[in-house]
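# Per-entry structural report
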Amino acid sequence: MLHGAGVLRIDHLPPLHGHLRVPSAALLPPLAFAALAVAVLPALVTRLRFGAALLVAYGAALAWAVLLASSGEGLAWPFTHRQEYLAVLPAVGGDPLGWLASFTERLPAYPTHVRGHPPLPVLVLWGLARVGLPGPLPAALLAVATGCSATVAVALTVRRVAGEQAARRALPYLALTPAAVWIATTMDAFFAGVGAWGVALLVRGGTVGRPPGVLYGAAAGVLLGALPYLSYGLVPYLLVPVVAAVAVRITRAAVVGCLVGAAAVTAAFAAGGFRWPAGVAATHVEWAADPGAARPYLYFLVANLAVLALLTGPATAAGLAVLTDRATAAPAIPVGRTVASRVIAVGRTVAVPAIPVGRVPNRLGVAGGPVRWPGGGVGALVAAAAVAVLALDVSGVTRGEVERIWVPYAVWISLAATAVPGRRWLAAQAVIGLLLQGLVLSPW
């Protein structure tokens with residue numbers, strides 16, 4: 001009805017931003033790969049050494065994303081669009097600092113994606129071209145390689161937060177995520193990889209000694225501090241590293257290192273002449289003048305979440321239901337000198353024995369406070385990413401075209417699928433990816 005009334009005139013396949021198309025025989029290679037991966041990947045990542053399991057999962061994620069993209073218009077095609085970041089590289093020329101200093105002032109003259117983002121994505125692609133890798137294909141390879149590496153980074157974080165078995169359970173779902181349809185074709189996949197590695201380095205640094213902890217923290221700070229300069233929509237993402245840091249109780253040295261690293265990024269951009277608040281204001285002016293700002297808020301408040309459901313797949317939806325049930329069924333357990341609770345089960349009361357504080361596992365939370373999400377550390381990470389998405393959604397600045405915007409968040413929310421393990425759920429994830437690739441002609 002909204003589309004017929006002309007309110008969604010730039011959205012031909014709501015809630016997705018794209019067109020409907022007929023699947024072709026080109027989907028057969030990713031279909032065959034998906035069938036093989038569903039059959040063997042869960043067993044492989046369970047039996048192999050953890051390092052080898054990470055490599056196998058990364059290889060599977062790369063293959064899945066590249067095969068999906070190759071079955072359509074090709075890996076590099078989206079980067080050839082005149083509204084993409086590469087179109088502005090001639091304006092950068094050989095003077096990136098001069099371009100950066102004038103970025104806000106000249107913003108109205110730039111392509112759509114550049115007007116909607118801070119300057120760092122363009123500078124990344126400029127640097128890629130300066131080292132001898134110009135053009136759409138190297139940009140696409142950078143995006144897919146970095147985006148798929150989020151599979152490894154997220155699993156490493158889960159290992160620290162919730163244990164190795166939880167990380168192994170997550171690997172197949174991370175590798176065969178339906179979001180791979182956009183991981184292979186957008187710079188937002190690069191953002192996802194940067195953010196995921198920032199979180200992984202932070203939790204790693206928070207669990208080792210002081211000198212390496214500071215270094216890990218500083219590296220994490222640089223990556224996490226770069227996120228607001230890659231996309232304004234990644235500011236709520238910073239809730240994920242905060243929750244991960246609390247879950248593993250990182251050291252003060254790692255926190256200091258992280259803050260110093262993030263401050264260094266901000267200082268570097270300020271020294272180059274770009275002020276982040278001014279960039280936000282200028283981008284908001286451009287957004288308000290764009291046809292997308294006229295889209296109905298209430299419709300996209302729901303439609304954006306429907307797109308997220310497609311990116312994360314049915315296994316994630318089922319897992320979220322399980323985690324929510326656990327959260328509402330299990331009350332917080334107070335921790336004092338001992339932990340004690342009474343659980344009502346099948347009409348009878350079962351006493352839970354006291355647990356000394358010094359032996360309370362991390363999943364029960366810090367002594368003196370309530371137990372965290374009953375889904376454990378994985379549930380906490382999922383909840384953090386979900387809250388960040390809801391904050392963006394409610395803000396109203398993300399009205400449609402969120403397929404790529406949700407990618408950095410989808411890799412964390414997809415962890416909910418570990419609550420419903422099984423090959424049938426993994427197969428369902430792959431089917432959604434195939435349907436999205438085969439039926440939707442997306443500009444990304």
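Note that this is a predicted model, so its numbers are computed, not measured.

So, about the pattern of salt bridges. Enumeration over the complete set of coordinates arrives at six salt bridges. Residue R404 is joined to D188 by a salt bridge in which the shortest nitrogen-to-oxygen separation is 3.9 Å. With R404 in the loop between α18 (376–395) and α19 (407–413) and D188 in helix α12 (residues 187–205), the pair connects residues that are 216 residues apart, well separated along the chain. Residue R404 is classed as buried on the basis of its relative accessible area, which comes to 8%. Look at D188 and you get buried, because its relative accessible area is 4%. Among the charged side chains, a network of salt bridges with common partners joins R159, E164 and R168.

Side chains of L20, V431, L435 and L439 sit close together on the surface and give an oily, nonpolar patch of about 350 Å² of accessible area. Tracing the sequence through the fold places L439 in helix α20 (residues 423–439). Accessibility expressed as a relative area gives 30% for L439, which makes it partly exposed.

On to unusual backbone geometry. In this structure, P15 follows P14 across a cis peptide bond, with omega equal to 10 degrees. Mapping P15 onto the fold places it in the segment before β1 (19–20).

This part is about the confidence of the model for the protein chain. Averaged over all residues, the pLDDT of the protein chain equals 87, while 87% of them reach at least 70. Mean pLDDT across the elements of the protein chain bottoms out in strand β2 (residues 338–345) (36) and peaks in α19 (98).

In summary, soluble globular proteins display a tendency toward joint burial of nonpolar side chains. W64, W406, W412 and L415 are the most contacted members of the largest nonpolar core, which totals 128 residues. Looking at which element gives the most residues to this core, the answer is α12, with eleven residues. If we skip the residues at most four places from it in the chain, W412 touches V154, T157, A196, V199, Y237, V240, L381, V382 and A385.

Basis of the calculations
Residues numbered from 1 in each chain as written. Predicted model: local features only at pLDDT ≥ 70, side-chain atom pairs only at ≥ 80, totals over all residues. Heavy atoms only, no water. Salt bridge = Lys/Arg side-chain N within 4 Å of Asp/Glu carboxyl O. Helix = DSSP H or I, 4+ residues; strand = E, 2+ residues; numbered from the N terminus. Buried < 20%, exposed > 50% of the residue type's maximum accessible area, 1.4 Å probe, protein only. Patch = residues over 30% accessible without salt bridge, like charges linked within 9 Å, V, L, I, M, F, W, Y side chains within 5 Å. Areas by Shrake-Rupley, 256 points an atom, 1.4 Å probe, with all protein chains shown as cover. pLDDT = per-residue confidence, 0-100. Core = buried A, V, L, I, M, F, W, Y, C linked by side-chain atoms within 4.5 Å. Contact = heavy atoms within 4.5 Å.

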